[in-house]
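So you can see what is in the structure, the chains are spelled out below.
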Amino acid sequence: MELGAAEPPRLSEAIDVLEKHLDSRVFLVGQRFTLADASLSCSLHHFQTKGLATQLPRATKRWLGTCTAHEAFSVVTGTASAPAAAASGASASAPAAPFASAEPLVARYSSCVGGRTHIARIVSSPDKGASLIGQQVSVCGWVKTAREANKGAILFVELNDGSTPNNIQVVIDSKAKGFDSLKGQCGTGASLRCTGKVVQSPGGKQAVELLVVDADDAVVLFGGVDAKEYPLAKKHHSHEYLRSIAHLRPRSNYIGCVARVRAALAQATHEFFRSRGFLYVHTPLITAADCEGAGEMFQVTTMIQDMEKEGKNSLPKGADGKTDYTKDFFCKPAFLTVSGQLSVENYCCALSNVYTFGPTFRAENSHTSRHLAEFWMIEPELAFANITDDMDCAEDYLKYCVKYAMDHNREDLDWFDGQIEKGLVARLENLLAEPFGRVTYTEAGHSMLEVLGML
């Protein structure tokens, strides 16, 4: 550790003592920011501004970054908290480049429809589309709702293309080219291409809307829908009902938001580990290993279909009376993987830090919200690291993913907050602002015994 030439007496020794104390703790006392943290962090920050203690050891640096990011610290010192977040290690937050502002006005790979603009590029831009007022654009999507006005001379359509949970309102006048093709076919679920001008909306629900009225404007019906037979109505549908219409359920707000957030988190996962020198390893999905007994496994075999083709009613048996797996595809029992851990550990011992990210399967016959037959699992393996390094990596990763979703999928998270789980966004913001609590195995055991009333 390098300290300034005029360092206060025994400063280096004091930092060494602080490092040992913080090695297994988040704060000086307990699990919350206290007056002790405020006082000591202000002193250490003061030494740093004087050019002393410029390079702190790991745990002390993490603690100081957490303290300086706290609102109380900013009140005392008058400093901004943004640099402190970077010092804390949770940093490396995802780049704030929302879809709407980064996407070109005319979307790529849309030449077959004459070029189209993603709806998110309009309604989810920072100015909510105000900068596009007066400009002609084409949007393609599926009708969420449609209603007539002025005795059928005007059609109001809420259109969505899956790029955002928000719709764009399209006002189609009877003078527009293609209007007559919509009669009786423009119900919920119909597929349209609308070309018109972006105008300021007279209503309060949206900043702009698309007006299709001039000679240069047009509407094209790609696929009409009979509203009486379309199963996905405007009203709320249960998850069980959505499962029964799997081909349409991605058009629901719930599944659409889930899909966009999942895609963002998968992207964030790869960006996080690759930016930190991890190597992505593809581990087998069919394996003979049960990964330390991680769970019941789905068996993979070709013998059943072979048996049915040959008209037999039993699997082949060996001399011992047991199933003869030499007749099977792999010549031994094989299963869908419950974890890629055993495979990725081998790579870790040759390539250092690696991770695997892919589907895993569990065959526990338990039908609860906590059991899934299939899910995707992220499994990093670190070489030459200890449990503290593991905890640092886990905290940084989770905060990176949350920050990425907050930056890129805020509209989806706001929809979840309003419709599914109140207070979700506030909890995620708190997760980013607060460090993770860390306790020893012994402390955790004592806490559990206290909860159970055994102490």
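Residues numbered from 1 in each chain as written. Predicted model: local features only at pLDDT ≥ 70, side-chain atom pairs only at ≥ 80, totals over all residues. Heavy atoms only, no water.

The name given to the protein in an unreviewed UniProt entry is Asparagine--tRNA ligase, with the source organism recorded as Polarella glacialis.

1. Side note on the pairing of strand S11 (residues 354-361)
Burial runs high along S11: eight of the eight residues are buried. As paired strands, strand S7 (residues 279-280) and S11 are joined by two bridges and run parallel to one another. Residue pairing for S11: Tyr-280 is matched across the bridge by Tyr-355. Sheet topology places S11 next to strand S12 (residues 374-381); eight bridges connect them, and they run antiparallel. For Phe-361, the partnering residue across the bridge sits in S12 and is Glu-374. (Buried < 20%, exposed > 50% of the residue type's maximum accessible area, 1.4 Å probe, protein only. Helix = DSSP H or I, 4+ residues; strand = E, 2+ residues; numbered from the N terminus. Pairing = 2+ DSSP bridges.)

2. Regarding the sheet that holds strand S10 (residues 334-336)
Taken in spatial order, the three strands line up as S8-S10-S9 in an open sheet, and their pairing is antiparallel. Edge positions in the sheet fall to strand S8 (286-287) and strand S9 (299-300), since each has one partner strand and no second. Note: S8 against S10, two bridges, orientation antiparallel. Pairing of Ile-286 across the sheet is with Leu-336, part of S10.

3. Here's the deal with the domain arrangement of the protein
Each assigned domain of the protein is listed with its residue range as follows: domain 1 (11-77), domain 2 (108-223) and domain 3 (259-297 + 337-433). In this structure, domain 1 and domain 3 have C-alpha centres spaced 31 Å apart. (Domains from an automatic or database assignment.)

4. Observations regarding the packing of aromatic side chains
Evaluation of the coordinates by the stated rule reveals twelve aromatic pairs. On the basis of an interplanar angle of 65 degrees and a centroid distance of 5.0 Å, the ring pair of Phe-273 and Phe-278 is categorised as edge-to-face. Relative accessible area serves as the criterion here: at 1%, Phe-273 is assigned to the buried category. Accessibility expressed as a relative area gives 5% for Phe-278, which makes it buried. Relative to Phe-330, the ring of Phe-329 has its centre 4.9 Å away and its plane inclined at 75 degrees; by these criteria the two rings are edge-to-face. Judged by relative accessible area, Phe-329 falls into the exposed class, the value being 60%. By the ring-pair criterion, three or more aromatic residues cluster together here, those being Phe-272, Phe-273, Phe-278, Tyr-280, Tyr-355, Tyr-397, Tyr-400 and Tyr-404. Taking NZ or CZ as reference, Arg-147 lies 4.3 Å from the ring centre of Phe-156, over its face. (Phe/Tyr/Trp six-rings, centres within 6.5 Å; stacked < 30°, edge-to-face > 60°. Lys NZ or Arg CZ within 6 Å of the ring centre and 35° of its normal.)

5. Topic: the sheet that holds S11
Here three strands make up an open sheet; going across it, the order is S7-S11-S12 and the pairing mixed. Two strands in the sheet have a free side with no partner beyond their single neighbour: S7 and S12. Against the sheet, helix H9 (residues 253-275) engages S7, S11 and S12, with an angle of about 150 degrees to S11. (Contact = heavy atoms within 4.5 Å. Axes fitted to C-alpha atoms, helices over the stretch in contact; angles between N-to-C directions.)

6. Notes on the environment of Gly-340
One can find Gly-340 in the loop between S10 and helix H11 (341-351). Once the C-alpha coordinates of Gly-340 and Thr-287 are considered, the two residues, 53 residues apart in sequence, prove to be 9.5 Å apart.

7. Here's the deal with the nonpolar core
The biggest cluster of nonpolar side chains holds 32 residues, and the ones touching the most others in it are Val-157, Leu-159, Val-170, Ile-172, Cys-194 and Leu-210. Elements with a contribution of two residues or more to this core: helix H7 (119-123), strand S1 (136-149), strand S2 (154-160), strand S3 (168-173), strand S4 (191-200) and strand S5 (208-212). Leave out the neighbours within four places in its chain, and Cys-194 touches Val-137, Ser-138, Val-139, Leu-159, Val-170, Ile-172, Leu-210, Val-212, Ala-218 and Val-219. Core analysis: the next-biggest nonpolar cluster, separate from the first, contains 17 residues, Ile-15, Val-26, Leu-56 and Trp-63 among them. (Core = buried A, V, L, I, M, F, W, Y, C linked by side-chain atoms within 4.5 Å.)

8. Focus on helix H14 (residues 424-433)
Taken together, the buried positions of H14 are occupied by Leu-424, Val-425 and Leu-428. The buried residues of H14 occupy an angular sector of 95 degrees when the element is viewed end-on, so they sit on one face. (Arc of directions from axis to C-beta.)

9. Side note on the side chain of Thr-388
Here Thr-388 shows up in helix H12 (residues 387-408). If we skip the residues at most four places from it in the chain, Thr-388 touches Asp-23, Arg-58 and Arg-438.

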